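Remarks on the overall topology
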Amino acid sequence: MQTSWKKFLQASLAENIKRVGTSATYASLATITTDNKPAVRTVVIRGFVGEHHTEETGWKSDLLVITTNKGSHKIKELEANPYIELNWYMNGTMEQFRISGTIDIIKKNFNQSQLDNHFFDGQHLKKEDTRVEGQVATRSNKSLALQSFLIKQQLNHDTFDWQGERLRQFIELGSSMRAQMVYSQKGVKELEIKNIDPMTGWFKNEQVQDLLEEAFDNFTLLIVKVTSVRHWSPSTGLKVLL
């Protein structure tokens, strides 16, 4: 796994979050429309697959994660042409990362085996610590998202559970963001997850369970497989990191 660019980016991101807050996680995603025109929009980079900045999951990767809903225009664009570029400008230090790659879409009824063949080769995604999954029994000090992920991973053993990752990202999402993925009912402002099922890792809130299920059906992960990284800053100029 090539990690030099990742370490460089993570260090820059940490410094920018200190200076300007979480707006440092915003980047511009460029795709090609189905009629062969450029399209660009702001997205939030959620981190790396299987990783969290404060909790150990037992996994490491160099795959970036973006979240969206299945009705977004960019889904059809990416299904037709998976090649993308991210322009990640970090205002705190005036740095710019231009990241090229391809995107895999993980939505309801995705193909787990296809993702395993694509990513689970030790180059982009690998298991780091088997002890973490054994800590489910002592999970009271862990976030609901990590608890859910570890439960799913225990059921799948050595194979990365992409549904578990989708659940983890959904649970980590803010309650107002989850509400935006509900279309059957207007005026939903918040969708709180109160706990998870200790056997399956599934999210629970009896008062709004149906709405949570609808939101999760629409919830989609975009997995960025990075092929090149260029970095620019006022002090160093342009550097090719990958």
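Criteria and cut-off values
Residues numbered from 1 in each chain as written. Predicted model: local features only at pLDDT ≥ 70, side-chain atom pairs only at ≥ 80, totals over all residues. Heavy atoms only, no water. Phe/Tyr/Trp six-rings, centres within 6.5 Å; stacked < 30°, edge-to-face > 60°. Helix = DSSP H or I, 4+ residues; strand = E, 2+ residues; numbered from the N terminus. Lys NZ or Arg CZ within 6 Å of the ring centre and 35° of its normal. 1 Å grid on protein atoms, 1.4 Å probe; cavity = no way out; pocket = protein on both sides within 12 Å on 5 of 7 lines; lining within 4 Å. Points joined across faces, edges and corners; volume = space filled by probe spheres on them. Nonpolar A, V, L, I, M, F, W, Y, C, P; charged D, E, K, R; others polar. Core = buried A, V, L, I, M, F, W, Y, C linked by side-chain atoms within 4.5 Å. Buried < 20%, exposed > 50% of the residue type's maximum accessible area, 1.4 Å probe, protein only. Contact = heavy atoms within 4.5 Å. Pairing = 2+ DSSP bridges. Salt bridge = Lys/Arg side-chain N within 4 Å of Asp/Glu carboxyl O. Axes fitted to C-alpha atoms, helices over the stretch in contact; angles between N-to-C directions. Parallel < 35°, antiparallel > 145°, perpendicular 65-115°, else oblique. Left-handed = near helix turned anticlockwise from the far one by under 90°.

Moving on: the packing of aromatic side chains. Enumeration over the complete set of coordinates arrives at 12 aromatic pairs. Seen in terms of ring centroids, W59 and F160 are 5.0 Å apart; in terms of plane orientation they differ by 75°. Their pairing is edge-to-face. Note that W59 is positioned in strand β3 (residues 59-61) and F160 in the loop between α4 (144-156) and α5 (162-172), a separation of 101 residues in sequence. On the numbers, 5.8 Å between centres and 55° between planes, the contact of F149 with F160 is tilted. Separated by 11 residues along the polypeptide, F149 in helix α4 and F160 in the loop between α4 and α5 bring together distant segments of the chain. Among the aromatic residues, those joined into a ring-pair cluster are F170, W202, F203, F216 and F219. Sitting over the face of the ring of F48, K6 holds its NZ or CZ atom 4.6 Å from the ring centroid.

Rolled over the atoms, a probe as big as a water molecule pinpoints where empty space is left. Considered as a void within the structure, the largest pocket measures approximately 820 Å³ in volume. What lines the largest pocket is a set of 28 residues, and nearest its centre among them are T25, I45, R46, G47 and H53. Of all the secondary-structure elements, those providing two or more residues to the lining of the largest pocket are α1 (4-20), β2 (38-48), β3 and α5. Residue classes in the lining of the largest pocket are distributed as 12 nonpolar, nine polar and seven charged.

Turning our eyes to something else, we now look at the nonpolar core. In this structure, V49, W162, F170, L191, F203 and I223 are the most contacted members of the largest nonpolar core, which totals 35 residues. Residue assignment for this core shows that the elements contributing at least two residues are β4 (63-69), α3 (112-119), α4, α5, α7 (209-218) and β10 (219-233). Per element, the largest residue contribution to this core is five residues, and it comes from α4. Ignoring any residue separated from it by four or fewer positions in sequence, one finds L191 in contact with S175, R178, A179, V182, V208, L211, L212 and A215.

Before going further, it helps to spend a moment on the pairing of strand β1 (residues 26-32). Residue alternation in β1 divides its side chains into a buried set, A27, L29 and T31, and an unburied set, Y26, S28, A30 and I32. Of the strand pairs in this sheet, β1 and β2 are connected by seven bridges, and their pairing is antiparallel. Note that in β2 the partner of I32 across the bridge is P38. Linking β1 back to β2 in an antiparallel pair, the connection comprises five residues, with N36 at a positive phi of about 65°. Looking at chain direction, β1 and strand β5 (residues 83-90) are connected through three bridges and run antiparallel. Paired with L29 across the two strands is L86, which belongs to β5.

Before going further, it helps to spend a moment on α7. The element α7 is extensively covered by neighbouring structure, given that seven of its 10 residues are classed as buried. Buried residues along α7 sit in contact with β4, α5, α6 (175-179), β9 (203-204) and β10.

Positive phi outside glycine occurs at M94, with the angle close to 60°. Tracing the backbone through its elements, the reader meets M94 in the loop between β5 and β6 (95-106). M94 sits in the partly exposed class, given a relative accessible area of 44%.

A few words on the pairing of strand β11 (residues 237-240). Where β10 lies against β11, four bridges are found, and the strand directions are antiparallel. If you follow R230 over to β11, its bridge partner there is V240. Counting the residues in the hairpin turn of β10 and β11 gives three residues.

Okay, the environment of T3 next. Here T3 is to be found in the segment before α1. Relative accessible area serves as the criterion here: at 26%, T3 is assigned to the partly exposed category.

What follows concerns the pattern of salt bridges. If charged atoms from side chains of opposite charge come close, those side chains can pair. Scanning the entire structure with this criterion turns up 11 salt bridges. Of the charged contacts, one joins K37 and D35 as a salt bridge, the two residues approaching to 4.0 Å between their closest N and O atoms. One salt bridge in this structure joins E85 and R230, with 3.0 Å as the shortest N-O distance. Remark: R230 occurs in strand β10 and E85 occurs in strand β5; sequence separation between them is 145 residues. Accessibility expressed as a relative area gives 22% for E85, which makes it partly exposed.

At their nearest, the axes of α5 and α7 sit 11 Å apart, and the two run at 120° to each other. Classified by the angle their axes make, α5 and α7 are oblique. The handedness of the crossing between α5 and α7 comes out as right-handed. For the pair α5 and α7, the contacting residues are Q163, R166, L167 and F170 in the first and L212, A215, F216 and D217 in the second.

Bear in mind that shape data such as this cannot, by itself, settle questions of function.
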